[in-house]
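Listed below, chain by chain, are the residues.
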Amino acid sequence: VYFFKVSILLSLTDQYSQQGWVYFKHSFYYVSPVKKNWRDSRQECLQRGADLVIINSRDEQVSVRAIWIGLTDSETEDIWKWVDGTLLSTSYWFGSEPNNFGSRDEDCVELGVYGTEMNWNDAPCRFKNFWICEKMLVL
Ligand code: 2F8
Ligand code: CA
């Protein structure tokens, strides 16, 4: 019975992750690639057999709030570079960020922690966040 449960779980996880869902602590999450208003967003979730995320643990709050972007200063401290190698010019740091807080290993950039337009924060790269990938269209 145990083996059976594990293989069902594995094939479910496999199926979901192929469709862009991320598994984290007993739930699957899907980060939408398009913008929609609240009502339509909820509708999309419902159509996918889910619903808009309910924040019912601190863990969820901390993880759902932020998204990794392709910006890091892990090569040289304080030199922020995009993953394609370009130097940062226009930035959207929140208030006193980047501050290399705490253990001073905040070399990666997350957005969405702060609910303002200026919402970037440098955070430890080992932390787990959702992320957004981008593939540029080359014509
Ligand atoms: O107060 C801003 C500060 O908040 C947190 O540290 C307490 C963030 N840490 C993580 O996200 C791990 C800092 O990055 C942020 O600057
Ligand atoms: Ca920070």
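Residues numbered from 1 in each chain as written. Chains lettered and ligands numbered in written order. Predicted model: local features only at pLDDT ≥ 70, side-chain atom pairs only at ≥ 80, totals over all residues. Heavy atoms only, no water.

### With respect to the overall build of the protein chain
- For the protein chain, the count of helices and strands is three helices and seven strands.
- Along the protein chain, from the amino end to the carboxyl end, the secondary structure elements read α-β-β-α-α-β-β-β-β-β.
- With respect to the three principal axes, the spread of C-alpha positions in the protein chain is 55 × 40 × 35 Å.
- Counting the 139 residues in the protein chain, one finds 20% classified as buried.
- Counted over contacts in the protein chain with a minimum sequence separation of 6, partners at least 24 positions apart contribute 49%.
- Surface summary for the protein chain: the accessible area is close to 10800 Å², and the carbon and sulfur share equals 58%. (Helix = DSSP H or I, 4+ residues; strand = E, 2+ residues; numbered from the N terminus. Buried < 20%, exposed > 50% of the residue type's maximum accessible area, 1.4 Å probe, protein only. Contact = heavy atoms within 4.5 Å. Areas by Shrake-Rupley, 256 points an atom, 1.4 Å probe, with all protein chains shown as cover.)

### As for the state of the cysteines
- Within the structure shown, the criterion is met by one disulfide.
- Between the sulfur atoms of Cys108 and its disulfide partner Cys125 the distance amounts to 2.1 Å. As the torsion about the S-S bond is roughly 95°, the Cys108-Cys125 disulfide counts as right-handed. Of this pair, Cys108 sits in strand β5 (residues 108-111) while Cys125 sits in the loop between β6 (120-123) and β7 (130-131); the two residues are 17 residues apart in sequence, bridging distant segments of the chain. (Disulfide = S-S within 2.5 Å.)

### Digging into the pairing of β6
- What you see with β6 is no split at all: Trp120 and Asp122 on one side and Asn121 and Ala123 on the other are buried throughout.
- Relative to β6, β5 runs antiparallel, the two sharing four bridges. Among the inter-strand pairings, Leu111 is bridged to a residue of β6, identified as Trp120. (Pairing = 2+ DSSP bridges.)

### A few points about the UniProt feature "domain: C-type lectin" (unreviewed entry) in the protein chain
- Taking the numbering used here, the UniProt-annotated feature "domain: C-type lectin" (unreviewed entry) corresponds to residues 24-134.
- As a span, residues 24-134 carries 15% helix and 21% strand, and end to end its C-alpha atoms are 22 Å apart. (UniProt positions renumbered as here; feature names shortened; annotations may be inferred.)

### Focus: helix α2 (residues 38-47)
- The opening residue of α2 is Asn37, an N-cap whose side-chain oxygen sits 3.3 Å from the backbone nitrogen of Arg39.
- Downstream of α2 by a residue or two, Gly49 has a phi angle that is positive, lying close to 75°. (Polar contact = N/O pair within 3.5 Å; in protein donor to acceptor, adjacent residues only side chain to side chain.)

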